[in-house]
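Tertiary structure, described
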Amino acid sequence: MDHQKLRESISEAWATDVLPSLTGLIEIPAVSSAYDAAWEEHGHLLAAVEHVRGWVASRGLPDARCDVVQLDGRAPLLFVDVPATPGAAATGTVLLYGHLDKQPPLGDWSEGLGPWQAVIRDDRLYGRGAADDGYSGYAATTALEAVRGAGGEHARAVLLLETGEESGSPDLPAYLEHLADRLGEVSLVVCLDAGGGDYERLWLTSSLRGAVQATVTVRVLETGIHSGLGSGIVPSSFRVMRRLLDRVEDSETGEVKVAEMVVPIPEERRAEAAALVALHPEVAVPRLPLLPEMRRVSDDDVELVLNNTWRPTLSVTGAGGLPDPAVAGAVLRPWTSFRLSFRLPPSADAEAARAALEKILTTDVPYGAQVEVGDFMVLNGWHAPAPAPGLASALRQVGDRVFGKPCQNMGIGGGIPFMEMLGRRYPRAQFVVTGALGADSNVHVPDEWLHIPFAVQVTEAVAHLLDAHAHAGGHA
């Protein structure tokens, strides 16, 4: 394969073809179904799929088939089937994964920026879904094109872009069953929904956390009452909620007390965390916008890495029943709701954790208050298998040829549900979970942006991996 031609064609494609279409994708408010109850009526998810389908179909990949697949009541996905090049030795299928659904805007964006407004400033493309994860389908398609144009080879490749990842991928099990015959035997999975600590090397995700999210509501009164009349007689719903939270989290240390959410940390992951801190101390722990004098939970960076990747944590991500302070009257409120988000270790059983959480919160409730626990989102984590020798060699070549620096492994505190599903379905498959996200890409929050030159390099890296896999007979 002509490596210089490969690089030039990818760079040109991004500048002339990818960015114009990607900016159009950003303008589609394709909010994930968990955040838009009327998603089917609004049609934005389908519009995003059709937008990318049209672009992929226009690229002219020989005999490629681009299908929009939608089961009844389920968010649509794009399924692109690209036959192998004639000289490919590999017999298995390469599955290239990404998603087109987006997080909601979530707050005020900076002046001149907006969630559905694509803005390029210097090397950054701003807009919701730019980095998470709208670029992925473009990168995968461009990599396949470039391999062919540079005289390389690739195995049969399937591009799967779902529209439910930000909602926990609830529809993917049904789609995997529906598409099982069309997927075939997957030998390599390339996921482009991840990233790392900087834009200088390819970051490989070694583990992903699972999650259990739930809405907990505590009710103590049929209606609100004057706080002067009721306080001291009726416990506040907030206090009952606080006591329930004390059952599941130590408020002093942040340690999660639910036994089903705690697992032993593998020694190889402890060693990986220590190596990451030693080699890349500037990126091992994300640079976060801490307030002056605000301290992190530990002074030990290795412990912080393990906290973020292998230990369970609780975040309260939403609340209900609490009026704005400016209009809060002297009222003993009848109820309080919290949205609890537990991040779980990669190997924890998420369903067992969910059941344990529900039991803890609803058993022997203080004062006999009513407690409702529901609206669950349950996701298992993922622990990467060791790379086969051929894949390890290909990754070393990617480090040398594309970035001039070795690839780096690291665990990620977030989750990608599809990886665990695929790991169970294709236990012999190799996985490369990577992507163009950086620690400062602002995913899920205002001012999300994609580092364009890095996304171009990630595309080139994928092209090299496709060619290496094809020549290794599918055993890379």
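Higher on the page you've got the structure.
Keep in mind it's a predicted model, so treat the numbers as computed, not measured.

**A closer look at the packing of helix H1 (residues 3-26) against helix H15 (residues 452-471)**
As a packed pair, H1 and H15 sit with axes 10 Å apart at the nearest point and diverge in direction by 130 degrees. Between H1 and H15, the angle falls in the class oblique. Where H1 crosses over H15, the handedness of that crossing is right-handed. Here H1 contributes His-3, Leu-6, Arg-7, Ile-10, Ser-11, Trp-14 and Leu-19 to the contact with H15, which in turn contributes Ile-452, Ala-455, Val-456, Thr-459, Glu-460, Ala-463 and His-464. Of the residues contributing to the contact of H1 with H15, the split by class is 8 nonpolar, 4 polar and 2 charged.

**Comments concerning the sheet that holds strand S18 (residues 449-451)**
Spatially, S4-S5-S18 is the arrangement adopted by the 3 strands of the open sheet, whose pairing is antiparallel. Single-partner strands in this sheet number two, and they are strand S4 (119-121) and S18. Recorded for the sheet is a direction-independent mean angle of 25 degrees between the axes of neighbouring strands. The pairing of S4 with strand S5 (residues 124-126) spans 3 bridges and is antiparallel. For Arg-121, the partnering residue across the bridge sits in S5 and is Arg-124. Running at roughly 25 degrees to S5, H1 makes contact with S4, S5 and S18 of the sheet.

Parameters and conventions
- Positions within a chain are numbered from 1, following the residues in the order the chain's sequence is written.
- This being a predicted model, a pLDDT of at least 70 is required before a residue's local features are given, and a value of 80 or more before pairs of side-chain atoms are given or counted; all residues contribute to the totals for chains, interfaces and linings.
- To obtain the side-chain values, all non-hydrogen atoms of the structure were used and water was disregarded.
- Helix axes use the C-alpha atoms of the stretch in contact, all axes being lines fitted to C-alpha atoms, and the angles between their N-to-C directions lie in the range 0 to 180 degrees.
- Strands are runs of DSSP state E lasting at least two residues, helices are runs of H or I lasting at least four, and both sets are numbered from the N terminus onward.
- Orientation is classified from the angle alone, with under 35 degrees giving roughly parallel, over 145 giving roughly antiparallel, 65 to 115 giving roughly perpendicular, and any other angle giving oblique.
- For a crossing to be left-handed, the near helix must be turned anticlockwise from the far one by less than a right angle; the clockwise case is right-handed.
- When checking whether two residues touch, look at their non-hydrogen atoms; a contact exists if any pair is within 4.5 Å.
- The residue classification treats Ala, Val, Leu, Ile, Met, Phe, Trp, Tyr, Cys and Pro as nonpolar and Asp, Glu, Lys and Arg as charged. All others, Gly included, are polar.
- Two strands pair under a simple rule: DSSP has to find at least two bridges between them.

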